[in-house]
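Chain by chain, the residues run as shown.
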Amino acid sequence: MKKIFIDKIKEFTADIALISVALSWGFTFVIVQDAIKDVPVFSFLFLRFTLAFILMALLSLKFIKELSLDMVLSGVFLGALFFLGYAFQTYGLTYTKSSVVAFITGLNVIIVPLIVYLFFKEKVSIFSLMGALIALVGLWLLTGSKGIFSIGKGEFYSLLCATFFAIHIVYTSKLSREYNVFLLVSVELLTVGLLSLVASLAVDSVTIPSHFSKPLVIALVATVIFATVYALFVQTYMQQFTTPAKTAIIFTMEPASAAVFSYFYANEILNGSQIAGGVIMIAAVLVSEVGSYLKSSKT
């Protein structure tokens, strides 16, 4: 009984920490939108993840003796998944509305439990499934995605994005239990940075800008520290103590927090449907959270 209680405390702490990750991504969303007006997307990703790798590598130096080939390959694998998620999301945005991309990206909340069940034969809690469906409704209202049922290039790329992000969540949960998190995240960040460099050299007009504008500098500082080093480290470490399905539900808080921040930072107006969507998404997190404790109280 005591062990169950301790495990649930760890799970609750992990879920709170993962909420902070979703908030950090959401709060930097508008800042990044301003920054990429001055620099191409892959160029920005290259700068962001390379600087984040340098910072994370400095924090990881004392663990360098634990580095192994298996760990490097695992970090490269996670980094490739993360990069592909970003890449397909970027291409999706060039073919369809951002609201549609945001909604389809959020479909990873459904894809994650499917992957867990189909490939790992792990049962998913009924509360997690309920939370996922509720979150999906909230996301649909928040993004105002009325035209998602017509499938074109943008929708297809966005679905690939959701799939890669879902696989990333599932395997982060698995691999974070096997390796030193500092080193694993460092390799992952380096991989995303290098792949972004290759993509930038291939498609961007410029990779390293000649001038760093104030919005670009602010965006780099905010994303490197909070939305990359902090977020990816906390995600990787805390996913040891919670389930991939709950993580996916919690991460639907990203667009909700982005909408709130846009309201205060960019004076964007939220309509009643969007506000209702945000409230429903919070309810989804609470359903999955409270449900897990009700389930544990019966064991």
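Our structure is the block above this text.
Rules used in this analysis
Residues numbered from 1 in each chain as written. Predicted model: local features only at pLDDT ≥ 70, side-chain atom pairs only at ≥ 80, totals over all residues. Heavy atoms only, no water. 1 Å grid on protein atoms, 1.4 Å probe; cavity = no way out; pocket = protein on both sides within 12 Å on 5 of 7 lines; lining within 4 Å. Points joined across faces, edges and corners; volume = space filled by probe spheres on them. Nonpolar A, V, L, I, M, F, W, Y, C, P; charged D, E, K, R; others polar. Phe/Tyr/Trp six-rings, centres within 6.5 Å; stacked < 30°, edge-to-face > 60°. Helix = DSSP H or I, 4+ residues; strand = E, 2+ residues; numbered from the N terminus. Buried < 20%, exposed > 50% of the residue type's maximum accessible area, 1.4 Å probe, protein only.

Before going further, it helps to spend a moment on the layout of surface pockets. The volume enclosed by the largest pocket comes to roughly 1300 Å³. Taken together, 44 residues line the largest pocket, and the ones lying closest to its centre are Phe29, Gln89, Ala102, Glu254 and Ala258. Looking at side-chain class alone, the lining of the largest pocket contains 25 nonpolar, 16 polar and three charged residues.

Quick look at the packing of aromatic side chains now. The description of two aromatic rings rests on the distance between their centres and on the angle between their planes. With the rule as written, the count across this model stands at 20 aromatic pairs. Plain terms: the ring middles of phenylalanine 42 and phenylalanine 83 are 6.0 Å apart, the flat faces sit at 40° to each other, and that makes the pair tilted. Separated by 41 residues along the polypeptide, phenylalanine 42 in helix H2 (residues 41-60) and phenylalanine 83 in helix H3 (residues 69-93) bring together distant segments of the chain. Considered together, phenylalanine 42 and phenylalanine 83 belong to a single accessibility category, that of buried residues. Judged by centre distance (5.6 Å) and plane angle (70°), the ring pair of tyrosine 237 and phenylalanine 241 falls under edge-to-face. For tyrosine 237, a relative accessible area of 35% gives the class partly exposed.

Moving on to unusual backbone geometry. With a phi angle near 55°, lysine 121 is a residue other than glycine that sits in the positive phi range. Positionally, lysine 121 belongs in the loop between helix H5 (108-120) and helix H6 (126-143). What makes lysine 121 exposed here is its relative accessible area of 66%.

Geometry only, nothing functional implied.
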